[in-house]
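# Examining the three-dimensional arrangement
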Amino acid sequence: MDEKQANNLISFIRKVTYSVTERAVYGISPDPEDNYLFDLAIQNNCVFIVSDDSKLLHFKLKPVPVHTTSWFLKKFPVS
């Protein structure tokens, strides 16, 4: 990928995403460093989180469902 293609890709990503500042709302994930994932998911009304982290997948008190990447690719195949 050359510099022009990279700049075009970055420009495209900026057009289809937006930046948010998280407000802490969740504090009991199995790994305290993962609390931000639930914070962002809750604050942005996410339907699910995609992660292969076994602690998150087996966590019983998750406020947002957590699914594996293989589940995601089966549900939303990339052509």
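First, a word on what this report is: a plain description of the structure on this page. (Residues numbered from 1 in each chain as written. Predicted model: local features only at pLDDT ≥ 70, side-chain atom pairs only at ≥ 80, totals over all residues. Heavy atoms only, no water.)

### Focus on the overall build of the protein
Looking only at helices and strands, the protein has four helices and two strands in total. Ordered by position from N to C terminus, the α and β elements of the protein give α-α-β-α-β-α. On C-alpha atoms alone, the protein measures out to a radius of gyration of 16 Å, which is more than a quarter above the 12 Å that the 2.2 N^0.38 rule sets for 79 residues. Dimensions of the protein, computed from the C-alpha atoms along their principal axes, are close to 45 × 30 × 20 Å. By residue count, 18% of the 79 residues in the protein fall in the buried class. For the protein, restricting intrachain contacts to residue pairs at least 6 apart in sequence, the fraction spanning at least 24 positions comes to 23%. (Helix = DSSP H or I, 4+ residues; strand = E, 2+ residues; numbered from the N terminus. Rg over C-alpha atoms; globule rule 2.2 N^0.38 Å. Buried < 20%, exposed > 50% of the residue type's maximum accessible area, 1.4 Å probe, protein only. Contact = heavy atoms within 4.5 Å.)

### Description of the nonpolar core
Within the largest apolar cluster, eight residues are counted, these being Tyr26, Phe38, Ala41, Ile49, Leu56, Phe59, Val64 and Val66. Among all residues touching Ala41, those that are not within four sequence positions of it are Cys46, Ile49 and Val64. (Core = buried A, V, L, I, M, F, W, Y, C linked by side-chain atoms within 4.5 Å.)

### Describing the side chain of Ser51
In this structure, Ser51 sits in the loop between strand 1 (49-50) and helix 3 (54-58). In this structure the side chain of Ser51 is engaged in a polar contact, spanning 3.1 Å, whose partner is the backbone nitrogen of Asp53. For Ser51, the contacting residues outside a window of four places in its chain are Leu56, Leu57, Val66, His67 and Thr68. (Polar contact = N/O pair within 3.5 Å; in protein donor to acceptor, adjacent residues only side chain to side chain.)

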